[in-house]
Structures are given as C-alpha cells and as structure tokens.
Amino acid sequence: MESQLDYWSARALLEWQVELGATDAIGDAPVDRYALEDRKPVAAPANRPATPPPPVKPKEVDPVAVATTLAAQAGDLATLEQALAGFEHCALKRGARNLVFADGQPDARVMIIGEAPGRDEDLQGKPFAGREGQLLDKMLAAIDLSRDAGVYLTNVLPWRPPQNRDPQPAEIAMLMPFLERHVALVKPDVLVVMGNTPAQAVLGKRGISRVRGQWDRAWDLPVMPMFHPSHLLRQPQAKRQAWADLLELKARLASLN
C-alpha cells in the first residue's frame, strides 16, 4: 500500500522526529536492540610489531681462569708484571693510583709476602713503604738482611683496597695465580707471610697470633708466618715475639747454607 503522505507532510514529520532527538533511520524490519549487546563487533587486532628476540646474555668470564692463563704465560718477572697490569677483572685497579708489584732483589733467598698496599705503597708503587717499611727495614737489618741484599718483597694484592679495608675472598682468589707464579719465578729459599691475609692466602690459616713463629710449607717451600709491621706499630709489645721469629728465620737460613 502506497503512502498517502505527500512530500511536504512527510518532510514535516521527519523534521518533527529530528527535533525529538531521533538520529538513526528505522528500517522496515524491527530490531531488538537488547539482543545486539551479545553480538558486539570484535575489533580487528591492531598490527603489533614483531616481538623482538630476547637479548643475548654476554658470556660470563671466570676471572680466576683468566688470571691462571695469563700467569702461566709469563716467562719472567717483567712479563708477569705486564700481565698483572693488563688484568681488567679486579675492581681494585680502578680505584688505585699505582700497581704495587714488588721491591728488593729478584734472586733473594727470602721472599716476604704482605697483605695489600696502603696509602704510602699506593703512592710510591712499592710494597712496605712509609712507617711500616721503615720498621721492616730495621727488623731485616737486625738479622743482616735488606731490600738490597737477600730480600724480595711483594703483596697478595697489587692494588690498594678502598679505605684500607680487608681484601675480599673473591679478590684474593682471582689474584692468587699471579702470586703463585711470582713465587715460582723468584725461587726463594724461604717464604715469610706477614699478616692474616697472606697466611690465609698461602697457608689457608687465619689467626696470625696463633700461627706466627711456626714453620709451615706451601708450594714446596718452608713458610714462616709473622706479624705485619703495621700490627707491630699498633701493638709494640708484640715486637718481642717478632724478634723471636726473626731469629728463627736467621737460623733456618743458616741451616740451608
């Protein structure tokens, strides 16, 4: 059945519906608007960028293995010092002024191993400097030894720890291959370890007050643990024990002649 509305009547009705707020045209078939809620259109997935590959984790480096390789390749003391200077896996290096390698005579009968450089050693680049070094020189002179005759000096660590703190086990472990090679190249008759750190590193023993003055062995060499000169400066009463240890060292050297 055709609509009986003329153009103007139909237009008037349409304008009336617009004034009432109608916005959509109504189709010929009825639409259940409530049913449409269950059929909401699914938005097309956005074009996402491809997932980047996981970052490649850098291969972990074993500083002890690196140190062992470098030390084994050193055929003399100069090469060993260069290898140690080029070792980049110890954070102590970045905070130190100088590499403290050694002092004294490389062909010495006695090799003394200290703990770690202090302020004076760090400034001068030599082990046992400052007041500690002056006291050690007097101790050695008392048994007819010196840096210029019969004694070679080094430390477990070649770089000064910040604020003179105790060396950490990881630091000792990564630098021990260099120390062991150092001893092998010098070939002393006797090792002297001064202080807790070298006693722990070389002999695996702590408590220098308990182990001092007692001969031990490491790397197929006789080892004498003694007080470090810094301890003697703080505890002058321990100098009597240090003197007894020096006499024991002198007697051992005489017996090896």
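Presented here is a report on the structure given in the accompanying data block. (Residues numbered from 1 in each chain as written. Predicted model: local features only at pLDDT ≥ 70, side-chain atom pairs only at ≥ 80, totals over all residues. Heavy atoms only, no water.)

## A closer look at the pattern of salt bridges
One pass over the structure, following the stated rule, counts 10 salt bridges. Here aspartate 189 and arginine 109 are joined by a salt bridge, their closest N and O atoms 2.7 Å apart. Placement of aspartate 189 in the loop between helix H7 (169-186) and strand E4 (190-194) and of arginine 109 in the loop between strand E1 (103-104) and strand E2 (110-114) is noted, with a sequence separation of 80 residues between them. Here aspartate 245 and arginine 212 are joined by a salt bridge, their closest N and O atoms 2.7 Å apart. Of this pair, aspartate 245 sits in helix H11 (residues 239-256) while arginine 212 sits in the loop between helix H9 (208-211) and strand E5 (216-218), placing them 33 residues apart in sequence. (Salt bridge = Lys/Arg side-chain N within 4 Å of Asp/Glu carboxyl O. Helix = DSSP H or I, 4+ residues; strand = E, 2+ residues; numbered from the N terminus.)

## A few points about helix H3 (residues 77-85)
When we look at burial in H3, the residues that qualify are Leu77, Leu80, Ala83 and Leu84. Projected down its long axis, H3 shows its buried positions confined to an angular sector of 120°, all on one face. The elements touched by buried residues of H3 are helix H2 (63-73), strand E3 (151-155) and H7. You can read the cap of H3 off the contacts: a side-chain oxygen lies 3.3 Å from the backbone nitrogen of alanine 78, and it is on aspartate 76. (Buried < 20%, exposed > 50% of the residue type's maximum accessible area, 1.4 Å probe, protein only. Arc of directions from axis to C-beta. Contact = heavy atoms within 4.5 Å. Polar contact = N/O pair within 3.5 Å; in protein donor to acceptor, adjacent residues only side chain to side chain.)

## Side note on empty space enclosed by the protein
In this structure the tally under the stated criterion is one cavity of 30 Å³ or more. Lining the largest cavity we find 13 residues, and of these Leu84, Asn155, Val156, Phe178 and His182 sit closest to its centre. At the level of secondary structure, the elements contributing two or more residues to the lining of the largest cavity comprise H3, E3 and H7. Of all the elements, H7 adds the most residues to the lining of the largest cavity, at four residues. Looking at the lining of the largest cavity, its residues break down into 10 nonpolar, three polar and no charged. (1 Å grid on protein atoms, 1.4 Å probe; cavity = no way out; pocket = protein on both sides within 12 Å on 5 of 7 lines; lining within 4 Å. Points joined across faces, edges and corners; volume = space filled by probe spheres on them. Nonpolar A, V, L, I, M, F, W, Y, C, P; charged D, E, K, R; others polar.)

## Brief notes about the nonpolar core
Of all hydrophobic cores here, the largest spans 35 residues; its most connected members are Ile113, Leu175 and Phe178. Every element with two or more residues in this core is listed here: H2, H3, E2, H7, E4, helix H8 (196-203) and strand E6 (221-226). Tallying contributions element by element places H7 first for this core, with eight residues. If we ignore the near neighbours within four places in the chain, the residues touching isoleucine 113 are Thr154, Asn155, Val156, Leu179, Val183, Leu191, Val192, Val193, Met194, Pro198 and Val202. Ranked by size, the runner-up nonpolar core spans 26 residues in total, among them Leu140, Leu153, Met226 and Leu249. (Core = buried A, V, L, I, M, F, W, Y, C linked by side-chain atoms within 4.5 Å.)

Take it as geometry only, folks, not as evidence of what the structure does.
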